[in-house]
Amino acid sequence: MLIDGMALLFRAFYATAVSGQFMINSKGVPTNAIHGFVKHFATAISTFKPTHAAVCWDMGSKTFRTEMFDLYKANRPEAPIELIPQFDLVKEVVEALDVPNIGLPGYEADDCIGTIARTASEVDSVSILTGDKDILQLIDDRVSVVLLQKGYGNYVVHNRETLFAEKGIWPEQMIDLKAFMGDPSDNYPGVRGIGEKTALKLLQDHGNVDGVIANLHQLTKSQRAKIEADMEMLHLSRQLAEIKCDVPVECCIDEAVFRIDREKVLAKFSEVELKGLHRLFENDTMYA
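Residues numbered from 1 in each chain as written. Predicted model: local features only at pLDDT ≥ 70, side-chain atom pairs only at ≥ 80, totals over all residues. Heavy atoms only, no water.

Let's shift gears to the overall build of the protein chain. Assigned secondary structure in the protein chain consists of 12 helices and 6 strands. For a compact globule of 288 residues, the expected C-alpha radius of gyration is about 19 Å, and the protein chain comes in at 20 Å, within 12% of that figure. Seen through its C-alpha atoms, the protein chain measures out along the principal axes to roughly 65 × 40 × 35 Å. For the protein chain, the proportion of its 288 residues judged to be buried stands at 48%. The long-range share in the protein chain, meaning contacts at least 24 apart out of those at least 6 apart in sequence, stands at 69%. Summed over its atoms, the accessible surface of the protein chain is roughly 14,000 Å², and 51% of this surface lies on carbon and sulfur atoms. Looking at charge distribution, the protein chain has the averaged site of its 30 positive side-chain charges lying 6 Å from that of its 42 negative ones. (Helix = DSSP H or I, 4+ residues; strand = E, 2+ residues; numbered from the N terminus. Rg over C-alpha atoms; globule rule 2.2 N^0.38 Å. Buried < 20%, exposed > 50% of the residue type's maximum accessible area, 1.4 Å probe, protein only. Contact = heavy atoms within 4.5 Å. Areas by Shrake-Rupley, 256 points an atom, 1.4 Å probe, with all protein chains shown as cover. Lys, Arg positive; Asp, Glu negative; His and termini not counted. Charge placed at Lys NZ, Arg CZ, Asp CG, Glu CD.)

Here it is in structure tokens:
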């Protein structure tokens with residue numbers, strides 16, 4: 001199981017921050033995001049019982065995508081001050097769980113996840129735990145995506161067939177979908193005036209961006225005008241949307257074997273003052 005650390009941490013932070021429950025410990029450090037992260041992690045491990053696990057992280061806001069398009073994610077506010085000290089501390093907690101932390105400056109967690117999912121040939125199947133639907137493009141015959149839903153232990157699990165049943169397109173077409181639609185959360189526009197419904201129909205009819213462009217003459221006058229007006233942004237949006245699966249990162253499969261040292265974990269929980277979480281790790285199958 002590859003875990004999108006940023007997705008879990010942010011989700012956990014905002015779930016409690018909205019009511020001001022930052023769980024500040026005796027050292028003055030907020031722990032609400034870490035607390036929720038561990039609950040999400042432990043619940044998923046207990047539900048899906050992976051043999052191996054690794055957590056992937058963003059390593060700063062500057063990536064090859066911001067070099068391609070300087071407005072990429074420029075609409076995102078600075079991280080809340082209560083979350084900042086939890087970025088490093090959560091990685092210490094993950095280390096105490098004997099789970100590898102993986103990240104690479106210049107790339108996003110998604111790129112590390114994509115690369116490891118494609119190259120982890122020693123395992124039969126890979127599941128990716130995230131709340132981010134961008135990762136659906138990585139689904140293939142051996143990669144599934146577990147999408148977090150509201151609360152703990154609620155998931156939508158997608159493989160190729162379930163995604164096609166829901167969207168009417170295949171995982172590899174998700175990149176082209178975002179090329180047309182853009183992504184407001186990542187701050188790139190795609191083709192202005194083309195939303196999800198139109199984009200899905202174009203891809204169902206013509207396969208991908210290149211197929212649509214080759215058949216512009218078959219589109220409505222309005223669709224053709226919109227695409228021709230935003231052709232450059234269409235191609236750029238596709239590049240921004242595509243997760244890179246060939247970044248220089250690796251995960252040693254032996255180090256990712258999921259076995260927990262109970263004493264080590266409980267000592268870390270005690271140090272950080274994460275109360276109540278020890279109960280999540282009382283299942284004997286979790287321990288070395």
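Moving on to the pattern of salt bridges. Tallying each qualifying case throughout the model produces 19 salt bridges. Note that Lys-27 and Glu-273 form a salt bridge whose closest N and O atoms lie 3.9 Å from each other. Pair noted here: Lys-27 is in the loop between helix 1 (5-17) and helix 2 (32-48) and Glu-273 is in the segment after helix 12 (262-272), with a separation of 246 residues, a long-range link. Among the salt bridges present, the one from Glu-92 reaches Lys-268, with a minimum N-O distance of 2.7 Å. You can see Glu-92 sitting in helix 4 (residues 84-96) and its partner Lys-268 sitting in helix 12, a full 176 residues away along the chain. The class of Glu-92 is partly exposed, set by a relative accessible area of 35%. What you see here is one network of salt bridges that share partners, running through Arg-76, Asp-134, Lys-178, Asp-183 and Asp-186. (Salt bridge = Lys/Arg side-chain N within 4 Å of Asp/Glu carboxyl O.)

This part takes up helix 7 (residues 174-181). In terms of burial, helix 7 is a largely internal element, 7 of the 8 residues being buried. The set of residues buried in helix 7 consists of Met-174, Ile-175, Asp-176, Leu-177, Lys-178, Ala-179 and Phe-180. At its buried positions, helix 7 is contacted by helix 6 (160-167), helix 8 (196-206), helix 9 (209-214), helix 10 (221-229) and helix 11 (231-241). Phi for Gly-182, located one or two positions after helix 7, is positive at around 75°.

What follows covers the nonpolar core. Membership of the largest hydrophobic core comes to 45 residues, with the highest contact counts inside it found for Leu-2, Ile-128, Phe-180 and Ile-227. Every element with two or more residues in this core is listed here: strand 2 (54-56), helix 5 (109-119), strand 4 (126-130), strand 5 (143-148), helix 7, helix 8 and helix 9. Broken down by element, the residue count for this core peaks at 5 residues, all from helix 5. Setting aside residues no more than four positions away along its own chain, Leu-2 makes contact with Ala-54, Ile-113, Ile-116, Ala-117, Val-126, Ser-127, Ile-128 and Leu-129. One finds Leu-8, Ala-17, Trp-57 and Phe-269 within the second-largest nonpolar core, a separate group that totals 38 residues. (Core = buried A, V, L, I, M, F, W, Y, C linked by side-chain atoms within 4.5 Å.)

Before going further, it helps to spend a moment on the packing of aromatic side chains. Using the criterion set out here, one finds 12 aromatic pairs in the structure. Ring centres 5.1 Å apart and planes at 65° place the aromatic pair Phe-48 and Tyr-155 in the edge-to-face group. Of this pair, Phe-48 sits in helix 2 while Tyr-155 is found in strand 6 (residues 155-158), placing the two residues 107 residues apart along the sequence. Each ring, one from Phe-164 and one from Trp-170, has its centre 4.2 Å from the other, and the planes form 20°; the classification is stacked. On the basis of relative accessible area, Phe-164 is assigned to the partly exposed category, the value being 34%. (Phe/Tyr/Trp six-rings, centres within 6.5 Å; stacked < 30°, edge-to-face > 60°.)

Where helix 4 meets helix 12, the closest approach of the two axes is 8 Å, and the angle between their N-to-C directions is 160°. In terms of orientation, helix 4 lies roughly antiparallel with respect to helix 12. Contacts from Leu-89, Glu-92, Val-93, Glu-95 and Ala-96 of helix 4 reach helix 12 at Lys-264, Val-265, Lys-268, Phe-269, Glu-271 and Val-272. Residues belonging to the contact of helix 4 with helix 12 are distributed by class as follows: 6 nonpolar, no polar and 5 charged. (Axes fitted to C-alpha atoms, helices over the stretch in contact; angles between N-to-C directions. Parallel < 35°, antiparallel > 145°, perpendicular 65-115°, else oblique. Nonpolar A, V, L, I, M, F, W, Y, C, P; charged D, E, K, R; others polar.)

The 6 strands are arranged 3-2-1-4-5-6 in an open sheet whose pairing can be described as mixed. Taken across any chain shown, the strands that pair with only one partner, and hence form the sheet edges, are strand 3 (101-102) and strand 6. In the sheet, strand 2 pairs with strand 3 via 2 bridges, with the strands oriented parallel. Paired with Val-55 across the bridge in strand 3 is Asn-101. (Pairing = 2+ DSSP bridges.)

Attention now goes to the side chain of Glu-108. Following the sequence through the fold, Glu-108 ends up in the loop between strand 3 and helix 5. Residue Glu-108 is classed as buried on the basis of its relative accessible area, which comes to 8%. Beyond its immediate sequence surroundings of up to four residues, Glu-108 is in contact with Asp-58, Thr-63, Arg-65, Tyr-72 and Lys-73.

Before going further, it helps to spend a moment on unusual backbone geometry. Backbone geometry places Met-23, a non-glycine residue, at a positive phi of 50°. Here Met-23 is to be found in the loop between helix 1 and helix 2.

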